[in-house]
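Breakdown of the fold
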Amino acid sequence: MNNIDKQYQQLLEDILNNGLQKEDRTGTGTISLFGRQIRHKMSEGFPLLTTKKMHWKSIVTELLWFLRGETNIKFLLDYDCHIWDGDAYKRYERANTWELQDTPPMNEFIKRIKEDETFRKTWGELGPIYGKQWRSWSGPYNDGFGENIDQIQNLINELKTNPDSRRLMVSAWNVGELDRMVLPPCHYGFQVYTRPTTRDEKIVNPGKYRAISLMWNQRSVDTFLGLPFNIASYALLLEIIAKEVNMVPDELIGNLGDTHLYLNHIEQAKEQISRTPYGLPTIEITERNWYIHEKVKEHLGEKTLDEKLKSYRPDCFELIGYQSHEKIRAKLSN
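We now turn to the structure provided with this report. The shown structure was predicted, so the numbers you read here are calculated from the model rather than taken from an experiment.

1. Quick look at the overall build of the protein chain
Regarding its fold elements, the protein chain presents 13 helices and 10 strands. Expected size for 334 residues packed as a compact globule is a radius of gyration near 20 Å; at 21 Å, the protein chain falls within 12% of this value. The principal-axis extents of the C-alpha atoms in the protein chain amount to approximately 60 × 55 × 35 Å. Expressed as a percentage of the 334 residues in the protein chain, the buried residues total 49%. When contacts within the protein chain are restricted to residue pairs at least 6 apart in sequence, those whose partners lie at least 24 apart make up 73%. Placing the 44 positive and 47 negative side-chain charges of the protein chain at their respective mean positions leaves the two points 2 Å apart.

Written out as structure tokens, the structure is:
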């Protein structure tokens, strides 16, 4: 069963038929709607769209980058992920323009980020975006000393000790730091919810007594290019969290604010609407360096959450049975 591709195609049709034309920050122009929702049951398969080929490795790499608490694009480049290149380069370009200097082309910029540590520290940084807020939110000050809050660690701790809490939330919308970010968060927060598993769920998932759902909120939705990544990324985050707290992934929900198509994506959207979805894949997570055997764990001790997250690599997440239509090329508006 593949309802997620169908929901996505219906959303594209909704925007094309009912969207209002609006100007935007990038100067490209959009047709836009406000306030939509998508829902997916994880038991139906992993929600990676099949009506166009998705770049799975980039989706995984970006999420691991967030979870590691990183904000420099070097980690992304190490795995050939170029989602944030344009934002870093645009900042560099503005600085050169201000100094009345010529800006080297993008390929030279990326090469220097990879090879020149001093250059990388200055121009590979994107400010306190997602990873910084998820893992090191700047907390209140007492006597001049700040407290950095690890929201992901706190979430895991709470899930293990108080799974019925209504405060199982992570936010990236740090108002005091928005002006230091290359781009304020588009998907600005998520909440999780758990419940006891049913008898049938216990049979399929022995030893797992709770199911966990995740709902994310998004203020700005690039529906053609961004949203398919967001769906898969938060589904993967749900899988990772569920694994850490030994729960069954249940429902994925996305609340969408300004939901738009850029004017240069309209024909691509029509092409995707015309395609018939394939069945959804499943996902397998490899426990790289996680202590599976109790004897090893007793000898070496339990790994910390941070050690576990940093041991992950993109090849730890294998798609099983992914079949898709060919990719549809479209230009990213920065």
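There's plenty left to go through after this.
2. Section: the nonpolar core
By size, the foremost hydrophobic cluster in this structure holds 87 residues, and its most contacted members are F46, W56, W134, F190 and F317. Element by element, the count of residues in this core is highest for helix α10 (residues 226-245), at 12 residues. Ignoring sequence-local partners within four residues, the contact set of W56 consists of F46, L48, L236, I283, F317 and L319.

3. Some points on the layout of surface pockets
Roughly 1300 Å³ of volume is contained in the largest pocket. As for the largest pocket, its lining consists of 44 residues, and the residues nearest its centre are I83, D222, L225, G226 and L332. When contributions to the lining of the largest pocket are tallied by element, the ones reaching two or more residues are α2 (56-67), β7 (210-222), α10 and β8 (248-262). Considering every element that reaches the lining of the largest pocket, the biggest residue donor is α10, with 6 residues. A breakdown of the residues in the lining of the largest pocket according to their chemical character gives 16 nonpolar, 14 polar and 14 charged. Here the second largest pocket is characterised by a volume of approximately 510 Å³. Along its surface, the second largest pocket is lined by 23 residues, and N205, K208, E239, V248 and P249 are the ones closest to its centre. Elements with a minimum of two residues in the lining of the second largest pocket: α9 (199-204), α10, β8 and β9 (282-285). The greatest single-element share of the lining of the second largest pocket, amounting to 5 residues, is contributed by α10.

4. Side note on the pairing of β7
Most of β7 is tucked away: 10 of the 13 residues are buried. In this structure, strand β6 (residues 187-196) lies alongside β7, joined through 9 bridges in antiparallel fashion. The partner of V192 across the bridge, within β7, is L214.

5. What to know about the environment of C81
Looking at the element boundaries, C81 is found in the loop between α3 (74-78) and α4 (85-98). Taking relative accessible area as the criterion, C81 reaches 0% and is therefore assigned buried. Distance from C81 to E62, taken between C-alpha atoms, is 7.5 Å for residues 19 residues apart in sequence. In this view, C81 contacts S58, T61 and L76; residues no more than four positions away in its chain are not counted.

6. Structural notes on helix α11 (residues 266-273)
Turn by turn, an α-helix covers 3.6 residues, leaving residues three or four places apart pointing in a common direction. When α11 is considered as a whole, its buried residues turn out to be I266, Q268, A269, Q272 and I273. Along the axis of α11, the buried positions cluster into a sector of 160°, meaning they face one direction only. Where α11 is buried, its residues touch α1 (3-18), β2 (30-41) and β8.

7. Some remarks on the side chain of T259
Within the element layout of this structure, T259 appears in strand β8. Among all residues touching T259, those that are not within four sequence positions of it are L11, I15, I31, S32, L33, R36, V221 and T223.

8. Considerations on the sheet that holds β8
With respect to topology, 6 strands assemble into an open sheet ordered β1-β2-β8-β7-β6-β5, the strand pairing being mixed. Strands at the two margins of the open sheet, each flanked by one partner only, are β1 (20-22) and β5 (169-171). Averaged over all pairs of adjacent strands, the angle between their axes in this sheet comes to 20°, without regard to strand direction. Bridge analysis of β5 against β6 gives 3 bridges, and the strand direction is antiparallel. From the neighbouring strand, V170 faces β6, where its bridge partner is F190.

9. Looking at a nonpolar patch on the surface
A cluster of nonpolar side chains, contributed by W173, V175 and Y188, occupies part of the molecular surface with about 280 Å² of accessible area. As for its position among the elements, W173 is in the loop between β5 and β6.

10. Observations regarding unusual backbone geometry
Even without being glycine, D80 reaches a positive phi, approximately 60°. Looking at the secondary structure, you find D80 in the loop between α3 and α4. A positive phi angle is found at N246, which is not glycine, with a value near 60°. Structurally, the position occupied by N246 is in the loop between α10 and β8. The partly exposed category is assigned to N246, whose relative accessible area is 40%.

The rules behind each value
- Residues numbered from 1 in each chain as written.
- Predicted model: local features only at pLDDT ≥ 70, side-chain atom pairs only at ≥ 80, totals over all residues.
- Heavy atoms only, no water.
- Helix = DSSP H or I, 4+ residues; strand = E, 2+ residues; numbered from the N terminus.
- Rg over C-alpha atoms; globule rule 2.2 N^0.38 Å.
- Buried < 20%, exposed > 50% of the residue type's maximum accessible area, 1.4 Å probe, protein only.
- Contact = heavy atoms within 4.5 Å.
- Lys, Arg positive; Asp, Glu negative; His and termini not counted.
- Charge placed at Lys NZ, Arg CZ, Asp CG, Glu CD.
- Core = buried A, V, L, I, M, F, W, Y, C linked by side-chain atoms within 4.5 Å.
- 1 Å grid on protein atoms, 1.4 Å probe; cavity = no way out; pocket = protein on both sides within 12 Å on 5 of 7 lines; lining within 4 Å.
- Points joined across faces, edges and corners; volume = space filled by probe spheres on them.
- Nonpolar A, V, L, I, M, F, W, Y, C, P; charged D, E, K, R; others polar.
- Pairing = 2+ DSSP bridges.
- Arc of directions from axis to C-beta.
- Axes fitted to C-alpha atoms, helices over the stretch in contact; angles between N-to-C directions.
- Patch = residues over 30% accessible without salt bridge, like charges linked within 9 Å, V, L, I, M, F, W, Y side chains within 5 Å.
- Areas by Shrake-Rupley, 256 points an atom, 1.4 Å probe, with all protein chains shown as cover.
- Salt bridge = Lys/Arg side-chain N within 4 Å of Asp/Glu carboxyl O.

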